[in-house]
Amino acid sequence: SLVVYDSLSRSVRPSEFEQVKVFLAKVIEGLDVGPDATRVGVVNYASRVKNELSLKTHKTKAGLVKAVTKIEPLSTGTMTGLAIQFALNVAFSEAEGARVKSPDISKVAIIVTDGRPQDNVKDVAARARDAGIELYAIGVGRVDLNTLKQIASEQLDDHVDYVESYSVIEKLTKKFQEAFCVADLCATGDHDCQQVCISAPGSFKCACKEGFSLLEDGKSCSACSNAATDVVFLIDGSKSVRPENFELVKKWINQIIDKLDVSETKAHVGLVQYSSSVKQEFPLGRYNNKKDLKDAVKKMAYMERGTMTGQALRYLTDSSFAPAGGARPGVAKVGIVFTDGRSQDYIGDAAKKAKEQGFRMYAVGVGNAVEDELREIASQPTGEHYFYTADFKAMTAIAKKLQINICQEEDPCECDSVVKFQKKVEEALQALTKKHILYKSVRVR
């Protein structure tokens, strides 16, 4: 059960009150509303308390949302303690639609306030928590933070939220949808499944289409999970990236590593950083498990300086993917190039050489990266191998889209042997057939 308490004192302007209602409506939209699922009530308070919607009033999501839009603000005062007492004695009573106490049914209250209470909240909040009501406290603007802590349940970090103004209260929507068990995370898109999302109450699990297998991360799918692959990251460490964004880049690399089947016989990963010069952080084959790989990525120090992407691409083809650099002969090669700006040297020849040698090249650009350069680096079809975003914080979405599914090619020698064997069998069968016909002909004579 969920009850929301709005503090609507004189300090709340009409436009701000509307923003609170939008927030409530969005939280409700993410819930599985129904008599046997989540029941929602709304209590409005200022110097007095008004029960706007009891837990038994609306049995559908549409009816609830419509009723929320019609709530009007009260006048003056901030009697937060009185509102919590009302929740304890009235709103969560069976008469108002609350269900009989059960381990399967949680009672949750959100208190939204923007001022200092005019009554005592500490004792009444403690009684509410002791009665099994989970209390969340949202403070807005010039709220008294100590009051929020007195209201909220443990752990305080999870149950106390603060926003600068009502205009940004909507950013808390997702948190409360998750806290109250969103009915269908697959439907709302709050999942990382690459192909198929299977919904469960307040949760989900991932699956793959026919012909694909689920990788170790439990989210990604591969048509060729048994293929050996050499993957090298080519990372722009120029000054324009900035230290805080470089940390996001390292997290992004590890997101992709999580999706690979890293082992002695399958995926090997190498890492190269470049700026005005090129630095190999670690070669292919040095680390053969995800933990060691990700730890090594986290330790990569930021180089700063220039953006010599052409020089870095030449290093990739001449050194990283050479047997002396740890590359395995006959194994598929994948290069992932990340940059945030225009190259200070020519990339054309090096980019062309990488693709001519059969390397699958992915180009990822952020911020001031030049999209024509990214397309020049990327393999065909370009749409599957080139990615761009304006914001470093959006790189997570690229990690989800970037799929490295390398299918093991047939060994041409092996295929040749099969053809030769088939030819010998056919010749032998033809010889036997001729012999049989000849034998029959002699007997007839």
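Higher on the page you've got the structure.
Residues numbered from 1 in each chain as written. Predicted model: local features only at pLDDT ≥ 70, side-chain atom pairs only at ≥ 80, totals over all residues. Heavy atoms only, no water.

## Quick notes on the state of the cysteines
One pass over the structure, following the stated rule, counts 1 disulfide. The partner cysteine of C193 in its disulfide is C206, sulfur to sulfur 1.9 Å. Note on the C193 and C206 pair: the S-S dihedral is about -80°, so by sign convention the disulfide is left-handed. Taken together, the positions of C193 in the loop between α8 (185-188) and β7 (196-200) and C206 in strand β8 (residues 203-207) put the pair 13 residues apart, joining distant regions of the chain. (Disulfide = S-S within 2.5 Å. Helix = DSSP H or I, 4+ residues; strand = E, 2+ residues; numbered from the N terminus.)

## Some words on the sheet that holds strand β12 (residues 267-274)
Ordered by their spatial adjacency, 6 strands build an open sheet running β13-β12-β11-β14-β15-β16, and the pairing between neighbours is mixed. On the outer flanks of this sheet lie β13 (278-282) and β16 (386-389), each paired with one strand and no other. Along the sheet, successive strands turn relative to each other by an average axial angle of 15°, direction set aside. As defined by bridge partners, strand β11 (residues 229-236) adjoins β12 across 8 bridges and the pair is classed as parallel. Bridge pairing in β12 links T229 to A267. (Pairing = 2+ DSSP bridges. Axes fitted to C-alpha atoms, helices over the stretch in contact; angles between N-to-C directions.)

## Some points on the packing of aromatic side chains
Two measures describe an aromatic ring pair: the distance that separates the ring centres and the angle between the ring planes. Counted under the stated rule, the structure contains 6 aromatic pairs. Measuring from ring centre to ring centre gives 6.0 Å for W252 and F338, while their planes differ by 50°; the resulting arrangement is tilted. Here W252 is found in helix α9 (residues 243-258), whereas its partner F338 is found in strand β14 (residues 332-339), with 86 residues between them in sequence. For the pair W252 and F338, a shared accessibility class is recorded, and that class is buried. Among the aromatic side chains, those forming a connected cluster through ring pairs are F233, W252, F338 and F392. (Phe/Tyr/Trp six-rings, centres within 6.5 Å; stacked < 30°, edge-to-face > 60°. Buried < 20%, exposed > 50% of the residue type's maximum accessible area, 1.4 Å probe, protein only.)

## A few points about helix α10 (residues 290-298)
Every buried residue belonging to α10 is among K290, L293, A296 and V297, and all of these are buried. Buried residues of α10, seen end-on, are gathered within an arc of 130° and therefore sit on one face of the element. Projecting away from the buried face of α10 at angles above 90 degrees are the exposed residues K291 and K298. Where α10 is buried, its residues meet α9, β12 and β13. A distance of 3.2 Å separates the backbone nitrogen of K291 from a side-chain oxygen at the start of α10, and that oxygen is part of N289. (Arc of directions from axis to C-beta. Contact = heavy atoms within 4.5 Å. Polar contact = N/O pair within 3.5 Å; in protein donor to acceptor, adjacent residues only side chain to side chain.)

## Structural notes on the nonpolar core
Soluble, globular proteins show a tendency: their nonpolar side chains are buried together. Counting 34 residues, the largest nonpolar core has F233, W252, I253 and I336 as the members making the most contacts within it. Where this core is concerned, the elements lending two or more residues are β11, α9, β12, α10, β14, β15 (360-366) and α15 (395-401). Of the residues forming this core, the biggest block, 6 residues, is contributed by α9. If sequence neighbours within four positions are ignored, F233 has contacts with I253, I256, I257, V269, G270, L271, V272 and I336. (Core = buried A, V, L, I, M, F, W, Y, C linked by side-chain atoms within 4.5 Å.)

None of the figures reported here should be taken as evidence of function without further support.
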